[in-house]
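Descriptive structure summary
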Amino acid sequence: MDIQLIRNATLVVQYAGKKFLIDPMLAEKGAYPPFGPQGGFPPAPRQDQNNPLVGLPTSIDNIVSNLDAVIVTHLHLDHWDDAAIEALPKDIQLFVQNDEDASVIQNAGFTNIEILQENTVFEGIQFIKTKGEHGRGPLVELAGQVCGVVFKHPDEKTLYLAGDTVWYAAVQEVIESHKPEVIVVNGGDNQFLEGGSLVMGKEDIYEVYKASPNAKIISTHMEAVNHWTLSREELRNFTNEKGISSNVLVPDDGESYTF
């Protein structure tokens, strides 16, 4: 498999000969207001900076060409945006987490939508929808439902895309059940000024490592939207201190890994 970080949580995954686009946020730098009160959330860091904070590292044509399918873990703007809606062919195979998301995407004109299950098969690849908690305490309800997905194929290592979740029991259960050899976590420790982490921070990522010490862990969703709090530099320093920098990979936008 080959996993390329585009920006934020947007990935291009080549797996068992197929090309998947994950959580496409394809807008130009600064296209949207900052996350915070304008969206019904508490104030956030960098409330004066529009999203996304950085541009794309490659062209949209490059990203969407020869796609086999798109996976959208949930419909927050930093995972599914107007630019993606415009750029993607309306008949592309789309996988979503539930009926509500399917309905919204269908209303945007897409015609080939499938809801992920615990055993969805696409071109010989098994997808297993996994649970996530997009924050802790009251934030979970505010942030809404999210999912992750496990990829399995006889010719590939098992891949677990955890999605927008903090570390909690269900993530550990996925790791124990499916023993993924490659794990992608959304690790920017994004937060509003109250309520705590919405996605994994460095201690959460360390828990993922302890649960799966032989896996390669890729941290994405970093430094791209205004409410990030964990920088790449801080996470790299942390993994060096813990002696796990060969296990926890912290890609720059556009960087890819082959496993």
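Let's shift gears to the pairing of strand β11 (residues 182–186). β11 sits mainly inside the fold: 5 of its 5 residues count as buried. Side-chain alternation along β11 places Val182, Val184 and Asn186 on one buried face and Ile183 and Val185 on a second face that is also buried. Where strand β10 (residues 159–161) meets β11, 3 bridges bridge the pair, whose relative direction is parallel. For Leu161, the partnering residue across the bridge sits in β11 and is Val184. Summarising the sheet, β11 and strand β12 (residues 216–220) pair through 5 bridges and their orientation is parallel. Each residue of the ladder has a partner; that of Val184, found in β12, is Ile218. In this view, the connection linking β11 to its parallel neighbour β12 by way of helix α6 (residues 202–211) has right-handed handedness.

As a further point, take the sheet that holds strand β6 (residues 113–115). Two modes of strand pairing occur in sheets, parallel and antiparallel, and in both the strands are linked by backbone hydrogen bonds. A sheet is described by the order of its strands in space; here 7 strands give the open sequence β6-β5-β4-β3-β2-β1-β14, paired in mixed fashion. Since the sheet does not close on itself, it has two edges, and those belong to β6 and β14 (256–258), each with one partner. Going across the sheet, the axis of each strand differs from the next one's by a mean of 20 degrees, ignoring polarity. Across 3 bridges, strand β3 (residues 18–22) lies against strand β4 (residues 69–71) in parallel orientation. By the bridge assignment, Leu21 is partnered in β4 with Val70. Docked against the sheet, helix α3 (residues 99–107) engages β5 (94–96) and β6, running at close to 170 degrees with respect to β6.

In this section: unusual backbone geometry. Following Asn51, the chain continues into Pro52 via a peptide bond in cis, with omega recorded as -15 degrees. Inspection of the secondary structure assignment puts Pro52 in the loop between β3 and α1 (60–64). The backbone phi angle of Asn8 is positive, close to 55 degrees, even though this residue is not glycine. Mapped onto the elements, Asn8 comes out in the loop between β1 (2–7) and β2 (10–15).

This brings us to the packing of aromatic side chains. In this description, an aromatic ring pair is defined by two values, namely the gap between the centres and the angle between the planes. Under the criterion given, the structure shown has 12 aromatic pairs. On the numbers, 5.6 Å between centres and 85 degrees between planes, the contact of Phe20 with Phe151 is edge-to-face. Here Phe151 lies in strand β9 (residues 147–152) and Phe20 lies in strand β3, a separation of 131 residues in the sequence. Both residues of the pair, Phe20 and Phe151, belong to the buried class.

Taken together, the 7 strands give an open sheet; going across it, the order is β7-β8-β9-β10-β11-β12-β13, and neighbouring strands pair in mixed fashion. Each edge of the sheet is formed by a strand with only one pairing partner; in this case those strands are β7 (120–122) and β13 (248–249).

Moving on to the environment of Phe259. Looking at the secondary structure, you find Phe259 in the segment after β14. With 102 residues separating them along the chain, Phe259 and Lys157 place their C-alpha atoms 7.7 Å apart.

For the rest of this paragraph, the subject is the packing of α6 against helix α7 (residues 232–242). Two elements in contact, α6 and α7, have axes separated by 11 Å at closest approach and are oriented at 45 degrees. Considering the angle they form, α6 stands oblique to α7. Here α6 and α7 pass one another in a crossing that is right-handed. Within the contact between the two elements, α6 uses Lys202, Glu203, Ile205 and Tyr206 and α7 uses Glu234, Leu235, Phe238 and Lys242. Here the contact of α6 with α7 is composed, by residue class, of 4 nonpolar, no polar and 4 charged.

Before going further, it helps to spend a moment on the environment of Thr111. If you trace the backbone, Thr111 turns up in the loop between α3 and β6. Sequence spacing of Thr111 and Ile92 is 19 residues, and the spatial spacing of their C-alpha atoms is 7.7 Å. Sequence-distant contacts of Thr111, that is, excluding residues within four places in its chain, are made with Lys90 and Asp91.

Moving on: α3. Those residues of α3 that fall on the buried side of the exposure criterion are Asp101, Ala102 and Ile105. Buried residues of α3, seen end-on, are gathered within an arc of 100 degrees and therefore sit on one face of the element. Exposed residues pointing more than 90 degrees away from the buried face of α3 are listed as Asp99, Glu100, Gln106 and Asn107. Taken together, the buried residues of α3 touch β5 and β6. Immediately beyond the C-terminal end of α3, within one or two residues, lies Gly109, with a positive phi of roughly 105 degrees.

Cut-offs used in this document
- Residues numbered from 1 in each chain as written.
- Predicted model: local features only at pLDDT ≥ 70, side-chain atom pairs only at ≥ 80, totals over all residues.
- Heavy atoms only, no water.
- Buried < 20%, exposed > 50% of the residue type's maximum accessible area, 1.4 Å probe, protein only.
- Helix = DSSP H or I, 4+ residues; strand = E, 2+ residues; numbered from the N terminus.
- Pairing = 2+ DSSP bridges.
- Right-handed = clockwise from strand over helix to strand, strands pointing away.
- Axes fitted to C-alpha atoms, helices over the stretch in contact; angles between N-to-C directions.
- Contact = heavy atoms within 4.5 Å.
- Phe/Tyr/Trp six-rings, centres within 6.5 Å; stacked < 30°, edge-to-face > 60°.
- Parallel < 35°, antiparallel > 145°, perpendicular 65-115°, else oblique.
- Left-handed = near helix turned anticlockwise from the far one by under 90°.
- Nonpolar A, V, L, I, M, F, W, Y, C, P; charged D, E, K, R; others polar.
- Arc of directions from axis to C-beta.

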